[in-house]
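Listed below, chain by chain, are the residues.
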Amino acid sequence: MVNRKTAPPPYRGAQSPDEFIIEMGNVWIGLIETIASDPDQNGALAGYFGVDPKVIDSWIEARGRTRCSGAVPGGRRCANLVGLKVEYDPRIWADERLRCTAHGPG
């Protein structure tokens, strides 16, 4: 039997950071109203979830998709996305530890 790798289905989630924020707001009812009046909305999100503002920035940039937890030679976290799951809670997103095919199993 031939073991053929099949391509994952195309990503059907938010196509832009703004769309992701809207989708996230639909999941966290009332969150948009809570942060809407704050001039630093990412800071307000960070305060709401109790995470560092840099986590919020990275979470929005990745649109909630999981990034590889491996490290690149410069010491930063790998930017490759792993899987198709979208995580709407940045606390859970920041703690996920999956690796891309380049970095192998954890």
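Provided above is the structure to which this section pertains.
Keep in mind it's a predicted model, so treat the numbers as computed, not measured.

Enquirer: Could you give an account of the environment of W93, with specific residues and numbers?
Expert: For W93, the location among the structural elements is in helix α5 (residues 90–95). Here W93 falls in the buried class, since its relative accessible area comes to 4%. Aside from chain neighbours lying at most four places away, what touches W93 is V55, S58, W59, A62, G64, R65, T66, R67 and E87. Within the structure, the side chain of W93 is placed 2.7 Å from the backbone oxygen of R65, a separation counted as a polar contact.

Enquirer: Describe helix α4 (residues 53–61), with residues and values.
Expert: The complete set of buried residues in α4 reads I56, W59 and I60. The buried residues of α4 occupy one face: seen down the axis, they fall within an arc of 95°. Facing away from the buried side of α4 by more than 90 degrees, the exposed set consists of K54 and E61. Of the residues that open α4, the one with a side-chain oxygen 2.8 Å from the backbone nitrogen of K54 is D52.

Enquirer: Residue-level account of the environment of R65, with values.
Expert: Locating R65 in the fold gives a position in strand β1 (residues 65–67). Sequence separation between R65 and G83 is 18 residues, and the spatial gap between their C-alpha atoms is 7.6 Å.

Enquirer: Break down the side chain of E96 for me, citing the residues and quoting the values.
Expert: Take E96: it is sitting in the segment after α5. Owing to a relative accessible area of 12%, E96 belongs among the buried residues under this scheme. What E96 contacts, discounting residues up to four positions off in sequence, is T66, S69, R77, K85 and E87.

Enquirer: Could you give an account of the pattern of salt bridges, naming the residues involved and the relevant values?
Expert: Any two side chains of opposite charge can pair, on the condition that their charged atoms come close. For the structure shown, the criterion picks out three salt bridges. Residue E87 is joined to K85 by a salt bridge in which the shortest nitrogen-to-oxygen separation is 3.7 Å. Judged by its relative accessible area of 13%, E87 falls in the buried class. Measuring nitrogen to oxygen at the nearest pair gives 2.4 Å for the salt bridge that ties E96 to K85. Here E96 is found in the segment after α5, whereas its partner K85 is found in strand β2 (residues 81–86), with eleven residues between them in sequence. Of the residues examined, K85 reaches a relative accessible area of 44% and is grouped as partly exposed.

Cut-offs used in this document
- Residues numbered from 1 in each chain as written.
- Predicted model: local features only at pLDDT ≥ 70, side-chain atom pairs only at ≥ 80, totals over all residues.
- Heavy atoms only, no water.
- Helix = DSSP H or I, 4+ residues; strand = E, 2+ residues; numbered from the N terminus.
- Buried < 20%, exposed > 50% of the residue type's maximum accessible area, 1.4 Å probe, protein only.
- Contact = heavy atoms within 4.5 Å.
- Polar contact = N/O pair within 3.5 Å; in protein donor to acceptor, adjacent residues only side chain to side chain.
- Arc of directions from axis to C-beta.
- Salt bridge = Lys/Arg side-chain N within 4 Å of Asp/Glu carboxyl O.

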